[in-house]
Each structure stands twice: as C-alpha cells, then as structure tokens.
Amino acid sequence: MNASRGEQSGPFRVGDRVQLTGPKGRMHTITLEPGQMFHSHKGLIAHDDLIGLPDGSVVANQVGIEYLALRPLLSDFVMSMPRGAAIVYPKDAAQILAQADIFPGATVVEAGVGSGALSLWLLRAIGANGRLHSFERRDDFAEVARGNVATFHGAVPENWSIGLGDLAEVLPETIDDGSVDRVVLDMLAPWECLDAVSAALKPGGVLLCYIATATQLSRVAEAIRATGEYTEPQSSETMVRGWHVQGLAVRPDHRMIAHTGFLITARRLAPDTVLPELKRRPSKTEFSAEDVEAWTPGALGERQVSDKSLRKRVRAAGAAARKAGSTGPADENEPSDSDG
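None of these values were measured; they are calculated from a predicted model. Throughout, a residue's number is its position along its own chain's written sequence, starting from 1. Since the coordinates come from a predicted model, pLDDT governs what is reported: local features require at least 70, and pairs of side-chain atoms require 80 or more to be given and counted, while whole-chain, interface and lining totals use all residues. Only hydrogens and water are removed before side-chain values are computed, so all heavy atoms of the structure are retained for them.

A. Here's a closer look at helix 4 (residues 117-126). Among the 10 residues in helix 4, 9 count as buried, and that is most of the element. Every buried residue of helix 4 is listed here: Ala117, Leu118, Ser119, Leu120, Trp121, Leu122, Leu123, Ala125 and Ile126. Relative accessible area decides the class of each residue, using a 1.4 Å probe on protein chains only: under 20% of the type maximum gives buried, over 50% gives exposed, and in between gives partly exposed. Only DSSP runs of H or I with at least four residues qualify as helices, and only runs of E with at least two residues qualify as strands; both kinds are numbered from the N terminus onward.

Dropping the structure here:
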C-alpha cells in the first residue's frame, strides 16, 4: 500500500496536496504540479514557488497577499472532498474508532461506505496489516468513495475492498464466519443485517451502529437484545463546542457541531452463552406493528442527492484520484485546482 498523503512530512513535493489559507481564513486545496498556477480573485501563486518549501510556510502571491501553506490533515480532507452521501464527521469518527476499539491489524467490516470518510479513518487505524471490507448498495456512492480514498492515499489501498449489494446478502458470500474483529454499520436499517453480522463476528468482537434518529436507536437496540447473541447495547451521542479565546475575551463559540448521530455498541457473545438477567426498573418496552412501520427506512426518509449533482461529484472524485496518480493522467478538461 502506498504511503498516505496525510502521513507524508518534509518539504512539499510534486503530487502533494497543499492547503492554502488566505488572510480571511478561506481555504483552498491544490495538488502541486510543475508549471501550474493557483488562481483566485486575489491573484496567482505558482506551484513551483511552493515545491521544496517546508510544511507550514507562508507564501505571497504576485500582489503580495500572503497565504499559509500546510498539508491538509485527514479531518481537513474529509470535510472538503466530493460527497455522494453525507459524511461521518470527524467528531463521530473519533468516537467510532474509540468505542469500537479499532486496532492495528484488525479485520473490519463497514457498511455503507457513503463518500468514504469513515473508510479513511478506519484504514488509518487498522494500519497496513489490517483489512477493511466496505460494502455499499449504490455503485455511484462507491465510485465517489473509491476516488476520495485513492486521492488521499495516492492509490487504492491493497488492504481495502468495496463490495456492492445488500450487506445481509453479500456478507455471507464474502466473509468467513467468525473471522471479523469489528463491524461498523452506517445505514438506515442495521437491524436487517444482524443475522449476517452475528455470523461474521468473532466472539468478543464489537458491533457499532451509527444512526441518525431516536426511533432508529430504539429499534436497533431492541433488535440487538432480541438476538440473545450480544452484551447489553450501550448508546451515546457526541457534541463538540468550540471556544473563542482572545486575551481576556474567553467565551463559547456562537456556533457548535451538535447532534449528528447516535452510536450504539455491543459485543458478540460466545456461542450458547446466556447473559445474566439484568435488574431494571419497569419500563415500556413493548411496541406495536404501527410502531415498527414508523421505524422503516421509507417512513424515516433518506436525503436524496440529485442524479445530476451526484454525476458531478463522481467526476470530481475521479479527477482528484487521477491527479493524485492513482489511475493515470488527469483529463485535460478537468479543473487543476479544487476549493476545500
């Protein structure tokens, strides 16, 4: 597997992605190519002026406006890359890595792949000796994800694969029973895949579901309990609030990244294991067929990306991957720079 772009250090080199931050904080991400120019309404910067500079340098355009040049962090990259589906935000990705205990050398199953943001975090965590099996129902989303991952790594990693189709059907055909350390599900109805996931997970392995709504959270928790094959599921959400710190002016930011999704985790029990009964206060745990219908993907609704917009994003992801050197030379009709 090629070294990740995000793991490189030292002077800027041809093919590196560089994030330029202007005086008002606006960021532009470019891929360095000899003889090319970065264009903005404030002027031009030659790529050749950046090649060879140390990471963290300041460079001025032809009219003297200064830009800070840094290699983008993985969090920068995922927030600016082309999107087919909504991405997993860095705050949730960090909790997924922690709560699912993703470790170097792990075999991980991920579904669905979306735009590839979580795939990038998982690939970093499992390292070169791990294996990531991603699954996606839509081939256009898979193409966007493949392009984004190839752009960041410089090539499609050898220890990563994307399978197309419904996880409940393709997972048993792809993965041996009891061979997976961790399963991460980011989908509308993860309860539909529990039988296949349970067969693939090793005893003690972790199942983590990333879900958007409280009704989904309730449904998947009850479904996990009903299998009798997992520990008691644990649920949480993560909210991040920044702070403004300038001298004695110290206060919370006016804006924050609040609810984006819930995480629910449980561990696979050994075969024929029965959990000790938990003592709990009585609560309303029964639900009707009407309740279940309210939890279905159709009733919950799924934000749709228009075909025209998605085709544009597929082209953008593919162009970025080609520019990164993963699939050959870039199309002459593609733009040379991308804003992030």
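B. The pattern of salt bridges, seen in detail. The term salt bridge refers to a side-chain nitrogen of Lys or Arg lying within 4 Å of a carboxyl oxygen of Asp or Glu. Under the defined criterion, the tally for this structure stands at 9 salt bridges. Across the pair Arg71 and Asp55 runs a salt bridge, and its minimum N-O distance is 3.5 Å. Residue Arg71 is located in the loop between strand 6 (66-70) and helix 2 (74-80), and its partner Asp55 is located in the loop between helix 1 (47-50) and strand 5 (57-60); the two are separated by 16 residues in the primary sequence. Given a relative accessible area of 9%, Arg71 falls into the buried group.

C. Expanded view of the confidence of the model for the protein. Confidence of the prediction at every residue is given by pLDDT, a number between 0 and 100. With 86% of its residues at a pLDDT of at least 70, the protein reaches an overall mean of 87. pLDDT under 50 marks residues 327-340. Its contacts with residues more than four places away, or in other chains, come to 34 contacts. Any pair of residues with heavy atoms lying within 4.5 Å of one another is described as a contacting pair.

D. Main features of the packing of helix 4 against helix 5 (residues 139-153). The axes used here are C-alpha line fits, helices contributing only the stretch in contact, and every angle between their N-to-C directions lies in the interval 0 to 180 degrees. The N-to-C vectors of helix 4 and helix 5 enclose an angle of 45°; their axes lie 9 Å apart at closest approach. As judged from the angle between their axes, helix 4 and helix 5 are oblique. Taken as a pair, helix 4 and helix 5 cross one another with a handedness that is right-handed. Listed contacts from helix 5 to Ser119, Leu120, Leu123 and Arg124 of helix 4 are Val149, Phe152 and His153. Any residue that is not Ala, Val, Leu, Ile, Met, Phe, Trp, Tyr, Cys, Pro, Asp, Glu, Lys or Arg is counted as polar, Gly included; the first ten are nonpolar and the last four charged. Tallied by class, residues from the contact of helix 4 with helix 5 come to 4 nonpolar, 2 polar and 1 charged. Each angle receives one of four descriptions, namely roughly parallel if under 35 degrees, roughly antiparallel if over 145, roughly perpendicular if within 65 to 115, and oblique otherwise. When the near helix sits turned anticlockwise from the far one by under a right angle, the crossing is termed left-handed; a clockwise turn instead gives a right-handed crossing.

E. Up close: a positive patch on the surface. Within this analysis, patches are made of residues with over 30% relative accessible area and no salt bridge. Like charges are joined at 9 Å or less; nonpolar side chains (Val, Leu, Ile, Met, Phe, Trp, Tyr) at 5 Å or less. For accessible areas, the Shrake-Rupley method is used with a probe of radius 1.4 Å. Any residue's cover is judged against the shown protein chains and nothing else. Residues scored as charged are limited to Lys and Arg (positive) and Asp and Glu (negative), so that His and the chain ends carry no count. Charge positions are represented by NZ for Lys, CZ for Arg, CG for Asp and CD for Glu. A grouping of Lys308, Arg311, Lys312 and Arg315 is seen on the molecular surface, where their side chains present a positively charged patch. Inspection of the secondary structure assignment puts Arg315 in helix 11 (residues 307-323).

F. Spatial organisation of the packing of aromatic side chains. We call Phe, Tyr and Trp rings a pair once their centres come within 6.5 Å, taking the six-membered ring for Trp, and we label the pair stacked below 30 degrees between planes, edge-to-face above 60, and tilted otherwise. A complete count under the given rule lists 2 aromatic pairs for this structure. A ring pair is formed by Phe38 and Tyr67, whose centres lie 6.0 Å apart and whose planes are at 80°; its orientation type is edge-to-face. Here the residue Phe38 occupies a position in strand 3 (residues 37-40), and Tyr67 occupies one in strand 6, the gap between them amounting to 29 residues. A ring pair is formed by Phe77 and Phe152, whose centres lie 5.1 Å apart and whose planes are at 50°; its orientation type is tilted.

G. Examining helix 11 more closely. To estimate the expected span of a helix, count its residues, drop one, and scale the result by 1.5 Å. If you check helix 11, its first and last C-alpha atoms are 24 Å apart, about what 17 residues at 1.5 Å a residue would give, namely 24 Å. For helix 11, the set of buried residues is Leu310, Ala317, Gly318, Ala319, Ala320, Ala321 and Lys323. Immediately downstream of helix 11, the backbone of Gly325 shows phi near 95°, a positive value.

H. Looking closely at the sheet that holds strand 11 (residues 201-211). Sheet architecture is open: 7 strands sit in the order 9-8-7-10-11-15-12, paired in mixed fashion. Edge positions in the open sheet fall to strand 9 (160-164) and strand 12 (234-237), since each of these has one partner strand only. Taking the axes of each pair of neighbouring strands and ignoring which way they run, one obtains an average angle of 20° across the sheet. A pair of strands counts as paired when DSSP detects no fewer than two bridges linking them. In this sheet, strand 15 (residues 262-267) lies alongside strand 12 in antiparallel orientation, the contact comprising 4 bridges. Bridging across to strand 15, Ser236 finds its partner in Leu263.

I. Local environment of the pairing of strand 7 (residues 107-111). Strand 7 sits mainly inside the fold: 5 of its 5 residues count as buried. Residues Thr107, Val109 and Ala111 of strand 7 are buried on one face, and the alternating residues Val108 and Glu110, pointing to the opposite face, are buried as well. Direction of pairing for strand 7 relative to strand 8 (residues 131-136): parallel, over a ladder of 5 bridges. From the neighbouring strand, Val108 faces strand 8, where its bridge partner is Leu132.

J. Seen up close, the side chain of Thr21. Assignment of secondary structure puts Thr21 in strand 1 (residues 17-21). What Thr21 contacts, discounting residues up to four positions off in sequence, is Arg26, Met27, Glu66, Tyr67 and Leu68.

K. Quick look at the pairing of strand 1. Burial analysis of strand 1 places 5 of its 5 residues in the buried class, the great majority of the element. Neither face of strand 1 is open: one carries Arg17, Gln19 and Thr21, the other Val18 and Leu20, and all of them are buried. Pairing of strand 1 with strand 2 (residues 27-31) involves 5 bridges; the strand directions are antiparallel. If you follow Val18 over to strand 2, its bridge partner there is Ile30. In sequence, strand 1 turns back onto strand 2 through a hairpin of 5 residues, with Gly25 there showing a positive phi of about 85°. As judged from the 3 bridges shared by strand 1 and strand 6, these two strands associate in the antiparallel manner. Paired with Gln19 across the bridge in strand 6 is Leu70.

L. Structural detail: the nonpolar core. Here, nonpolar core means buried Ala, Val, Leu, Ile, Met, Phe, Trp, Tyr and Cys residues that are tied together by side-chain atoms lying within 4.5 Å of each other. One finds Val78, Ile102, Leu118 and Leu120 to be the most contacted residues of the largest nonpolar core, which totals 34 residues. Contributing elements (two or more residues each) for this core: helix 2, helix 3 (90-99), helix 4, helix 5, strand 9 and strand 11. In terms of residues, this core owes the most to one element, helix 4, which gives 8 residues.

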